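# Coordinates in review
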Amino acid sequence: MGPKFAVSSGSHIRGPHWAISSNFYFEQIGVAIETAKQVSAKGPVDLLITVPSLFSLAEIKYLRSLFDELSVGNVLNCRVRFGVVIENPRMCSLANQLTDYVEVVCFGLNDLTQNVYGVSRKSWQYVLSNYLVDSLLTNDPFLLIDTNTVLPMVKQAVQAIRLKKANIPIILCGKPASSPECIGLIQNDSNLFLCIDADDLDQVNFEVSKQKLVLEHESKLLRFDCQRLATEKFTEMAKNAR
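Values in this document were obtained by computation on a predicted structure and should not be read as measured data. (Residues numbered from 1 in each chain as written. Predicted model: local features only at pLDDT ≥ 70, side-chain atom pairs only at ≥ 80, totals over all residues. Heavy atoms only, no water.)

A few words now on the confidence of the model for the chain. Per-residue confidence for the chain averages 80 on the pLDDT scale, and 80% of its residues sit at or above 70. A low-confidence stretch, residues 213–220 (pLDDT under 50), is modelled with 15 contacts involving residues beyond four sequence positions or located in other chains. (pLDDT = per-residue confidence, 0-100. Contact = heavy atoms within 4.5 Å.)

Following this line, the structure appears as structure tokens:
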């Protein structure tokens, strides 16, 4: 399947538009599925492919068609699911419609916070101290989830997804996922997960105990460093699959 978006020379377009128009997503999804098929020969595989930075249902529908075209088919011990990462308020408002196209939803809390506040994480470090001193904020929203805007937005989106299709996995990712409020969200939802850095595991375990939640850590907490360990392992497998 070829590109669906025309790109003029020297134009400045968002990452997803470039990835769609250049066939980058087509190639990446294909590599991921081929890697999953090869690894499944050694044992069961349950791979979640989640696409970030999307703004429209049209993008998601198109990427779903790519995924279906490259589908793993009836390969023993191999399951591959398609999903998206919610990183902006617009996608939160469309949460109930996402379930027509996806089997998993992630919330990228770092980028969602960035988009809500209208300031990059890199720039935030220069304004945070003044905001704290002047009592404009009580916490760093990139460390502890913003309970005034971001948390209600996530709760509303999760509720909309559950009302439409109750059983799909929902994963909260990013530094704010270690917040007590996020840990509290998983108490009554068996298919809501936290994706946390390994460095935050002790803190999260302490908070779990403090909230007196009964959790089985292997099934309720996804214990890996998303940005480093998992990415490096997958990249190596993808290279070997080529």
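There is more to say, and it comes next.
Let us look at the packing of aromatic side chains. The tally for this structure, following the rule as stated, stands at five aromatic pairs. Ring geometry for Tyr117 against Trp124: centres 5.4 Å apart, planes inclined by 70 degrees, an arrangement best described as edge-to-face. These aromatic residues form a ring-pair network of at least three members: Trp18, Phe24 and Tyr25. (Phe/Tyr/Trp six-rings, centres within 6.5 Å; stacked < 30°, edge-to-face > 60°.)

Using the criterion set out here, one finds nine salt bridges in the structure. Between Lys37 and Glu34 there is a salt bridge whose closest N-O contact spans 3.9 Å. Of this pair, Lys37 and Glu34 both sit in helix α2 (residues 24–39), separated by three residues, roughly a single helical turn. Of the residues examined, Lys37 reaches a relative accessible area of 31% and is grouped as partly exposed. A relative accessible area of 33% means that Glu34 is categorised as partly exposed. Among the salt bridges present, the one from Arg64 reaches Glu103, with a minimum N-O distance of 2.5 Å. In this pair, Arg64 is assigned in helix α3 (residues 57–69) and Glu103 in the loop between α5 (95–98) and β3 (104–108), connecting sequence segments 39 residues apart. (Salt bridge = Lys/Arg side-chain N within 4 Å of Asp/Glu carboxyl O. Helix = DSSP H or I, 4+ residues; strand = E, 2+ residues; numbered from the N terminus. Buried < 20%, exposed > 50% of the residue type's maximum accessible area, 1.4 Å probe, protein only.)

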